[in-house]
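So the chains spell out like this:
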Amino acid sequence: MSESGEYGEATRAVRLPIGDGPQGERPMRPPVHRSTTYAFEASQDYADVLDGARGGYSYARIDNPTADAFATALAAMEGAGADRPVHGQAFASGMAAISTALLALTSAGSHVVASRALYGNTYSLLDGLLRRFGVETDFVDAGDIDQVRAAMRPETALVFTETLSNPGMLVADLPALARAAHDGGALLVVDSTFASPAVCRPLEHGADLVLHSATKYIGGHSDATGGAAVGFAGPIARVRAARIDLGPTLAPDEAYLLHRGLETLPLRMERQCATAAEFAAAVAAHPAVARVDHPSLPGHPGHGLARALFDAGRCGAVVNVALHGGRKEGMAFADALELADVAASLGGTHTLAGHAASTTHRQLSDAELERAGIAASAVRFSIGLEDPRDLVRDALAALDACGGA
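Conventions we followed
Going along each chain's sequence as written, the residues are numbered from 1 onward. It should be noted that, the model being predicted, local features are given only for residues of pLDDT at least 70 and side-chain atom pairs only at 80 or more, the latter also being counted only at that level, while totals for whole chains, interfaces and linings use all residues. Note that water and hydrogens are dropped before the side-chain values are worked out from all heavy atoms of the structure. For the purposes of this entry, the term helix denotes a DSSP run of H or I that reaches at least four residues, the term strand denotes a run of E that reaches at least two, and both are numbered from the N terminus. To get the radius of gyration, use the C-alpha atoms; to get the globule rule, take the number of residues to the power 0.38 and multiply by 2.2 Å. The rule is simple: take the accessible area with a 1.4 Å probe, protein chains only, and divide by the maximum for that residue type; under 20% is buried, over 50% is exposed, in between is partly exposed. Working rule for contacts: check all heavy atoms of both residues, and any pair within 4.5 Å makes them a contact. Under the convention used here, a 1.4 Å probe and the Shrake-Rupley method define accessible areas, while residue burial counts only the protein chains that appear. Note that His is not counted, nor are the chain ends; the positive residues are Lys and Arg, and the negative ones are Asp and Glu. Taken as the charge centre is NZ of Lys, CZ of Arg, CG of Asp or CD of Glu, depending on the residue. Both site types are read off a 1 Å grid over the protein atoms alone. A 1.4 Å probe that fits but cannot get out defines a cavity, while an open set with protein on both sides within 12 Å along at least five of seven lines defines a pocket; lining residues have an atom within 4 Å of a point. Grid points are joined across faces, edges and corners, and a volume is the space filled by probe spheres set on the points. Following the grouping adopted for this structure description, the nonpolar residues are Ala, Val, Leu, Ile, Met, Phe, Trp, Tyr, Cys and Pro, the charged ones are Asp, Glu, Lys and Arg, and the polar ones are all others, Gly among them. The convention used is that axes are lines fitted to C-alpha atoms, helices contributing only their stretch in contact, and that angles between N-to-C directions extend from 0 to 180 degrees. What sets the label is the angle itself: under 35 degrees gives roughly parallel, over 145 gives roughly antiparallel, 65 to 115 gives roughly perpendicular, and the rest give oblique. Two helices cross in a left-handed way if the nearer one is turned anticlockwise from the farther one by less than a right angle. They cross in a right-handed way if the turn is clockwise. The rule for pairing is simple: two strands pair if DSSP sees at least two bridges between them. Note on definitions: salt bridges are taken to be side-chain nitrogens of Lys or Arg within 4 Å of carboxyl oxygens of Asp or Glu.

Draft legend 1. Inspection of the overall build of the protein at higher detail. Of regular secondary structure, the protein possesses 13 helices and 12 strands. Compactness check: the protein gives a C-alpha radius of gyration of 21 Å against a globular reference of 22 Å for 405 residues, within 12% of the reference. Dimensions of the protein along its principal axes, counting C-alpha atoms only, are 75 × 50 × 35 Å. The buried share of the protein, reckoned over its 405 residues, is 53%. Put simply, 75% of the contacts in the protein that link residues at least 6 apart link residues at least 24 apart. Carbon and sulfur atoms make up 52% of the accessible area of the protein, which amounts to about 16800 Å² in all. Here the protein contributes 32 positively and 47 negatively charged side chains, and the mean placements of these two sets differ by 1 Å.

Draft legend 2. Quick look at the layout of surface pockets. By volume, the largest pocket is sized at about 610 Å³. Lining the largest pocket are 36 residues, and of these Tyr-119, Lys-216, Ser-345, Thr-360 and Arg-380 lie nearest its centre. Put simply, the parts of the chain that give the lining of the largest pocket at least two residues each are α4 (94-105), β6 (209-213), α11 (327-336), β11 (352-355) and β12 (379-382). In terms of residue count, β11 provides more of the lining of the largest pocket than any other element does, 4 residues in total. Its residues assigned to classes, the lining of the largest pocket shows 14 nonpolar, 16 polar and 6 charged. The calculated volume of the second largest pocket comes to roughly 500 Å³. Asp-63, Asp-68, Gly-88, Gln-89 and Arg-240 are the residues nearest the centre of the second largest pocket, which is lined by 24 residues in total. Of all the secondary-structure elements, those providing two or more residues to the lining of the second largest pocket are α2 (43-51), α3 (65-78), β1 (87-91) and α8 (233-246).

Draft legend 3. Seen up close, the packing of α4 against α8. Where α4 contacts α8, the axes come no closer than 8 Å and their chain directions differ by 110°. Considering the angle they form, α4 stands roughly perpendicular to α8. Remark: the crossing between α4 and α8 carries right-handed chirality. Mapping the contact onto sequence places Thr-100, Ala-101, Leu-103, Ala-104 and Leu-105 in α4 and Pro-235, Arg-238, Val-239, Ala-242, Arg-243 and Leu-246 in α8.

Draft legend 4. Representation of unusual backbone geometry. Cis geometry marks the peptide bond from Asn-166 to Pro-167; its omega dihedral reads 5°. Looking at the element boundaries, Pro-167 is found in the loop between β4 (156-162) and α7 (174-183). Notably, Ser-196 is not glycine yet its phi reads approximately 70°, a positive angle. One can find Ser-196 in the loop between β5 (187-191) and β6. Judged by relative accessible area, which is 1%, Ser-196 ranks as buried.

Draft legend 5. Highlighting the pairing of strand β9 (residues 318-323). The buried fraction of β9 is high, at 6 of 6 residues. Burial of the side chains of β9 extends over both faces: Val-318, Asn-320 and Ala-322 are buried on one face and Val-319, Val-321 and Leu-323 on the other. The sheet contact formed by strand β8 (residues 289-293) and β9 spans 4 bridges and is antiparallel. Looking across to β9, one finds that Val-292 is bridged to Val-321.

Draft legend 6. Expanded view of the pattern of salt bridges. Counted under the stated rule, the structure contains 18 salt bridges. Of the charged contacts, one joins Glu-136 and Arg-153 as a salt bridge, the two residues approaching to 3.2 Å between their closest N and O atoms. One end of the pair, Glu-136, is in strand β3 (residues 136-140); the other, Arg-153, is in the loop between α6 (145-151) and β4, with 17 residues separating them in the sequence. Given a relative accessible area of 27%, Arg-153 falls into the partly exposed group. The salt bridge involving Glu-155 is made with Arg-153; its shortest N-O contact spans 3.6 Å. On the basis of relative accessible area, Glu-155 is assigned to the partly exposed category, the value being 36%. Taken together, the salt bridges that share partners define one network made up of Glu-136, Asp-138, Arg-153 and Glu-155.

Structure (structure tokens):
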């Protein structure tokens, strides 16, 4: 195959690396390897594989061919425009990838500068569990680079942000954050779940490590749970070592489904992002709505950054809708929807809705929600593949039913 840069996005997606067959043939689908253990002709061969002296497989918690195929394929997508080789590691979930990366890149006495607009479980991991083990975190407005720089310390190990924040869809200024992190001797680690490599590839903009909940857009069909870490050789080696010790192994059947999802990722994201932009513009005009968060809207604070950093026409497929009022109004709005399903997760073919303050960000107090820019009434929509007009009609009818006409 020619250099991948010669091909377009869709061609690269359906021609991802899979590996060879048993006689050197090229399978069209990655084989599913369910074996947990592998036999060797000699003890030295076994030892050499464990020591990394040669390639191979010994035990599924350490490596699995199907999981490796998925991680390699995702690395090819995330590294399409990178200036050096990109490697990947597969995990059982997105939080497994995030927690393993944070444990791998910090130690007692380390310091983290993190965006205060983070997924609830990431926030509680940094503010609770890791703090118990001597890792301190300062949560800052990551959109204010001066504030990020002011929070840096000599012991700062990493700056952590999300490409698109959950649920406010704030856009990270990745080049500026990378400069701030690297000037302070730290790494830039980016959770890019809400973007996926079909919207933005943070490694092209200075990030050192990119994390994904592959359960979302990468899998794309709400039928597989997984996560991934993708990055350059130094950070990914540390993450791999921690993964082997901690054991958050991605199952081979899940890996197969996630690899399959990568092939249609650009097509799905193109459609879902376009629908999200149309949905956001229509819902924003309703009198019951106080604010709509989506970078396609000219008034969104990340509109300019999205145009500069994201693939043309794609601003993500999550739309955050805040009503006039509080928790009661937000939950009533979600309950009045008929087409959009009230459900966990995002990134699948169905449009899902959820009241953020009582679900994805339930760990945050009202004061923390306010600091993170999350309204108590906010309902997060993960836009699926339905017809845009049907989704708009459903949302507007629900708003009317809530007394906002």
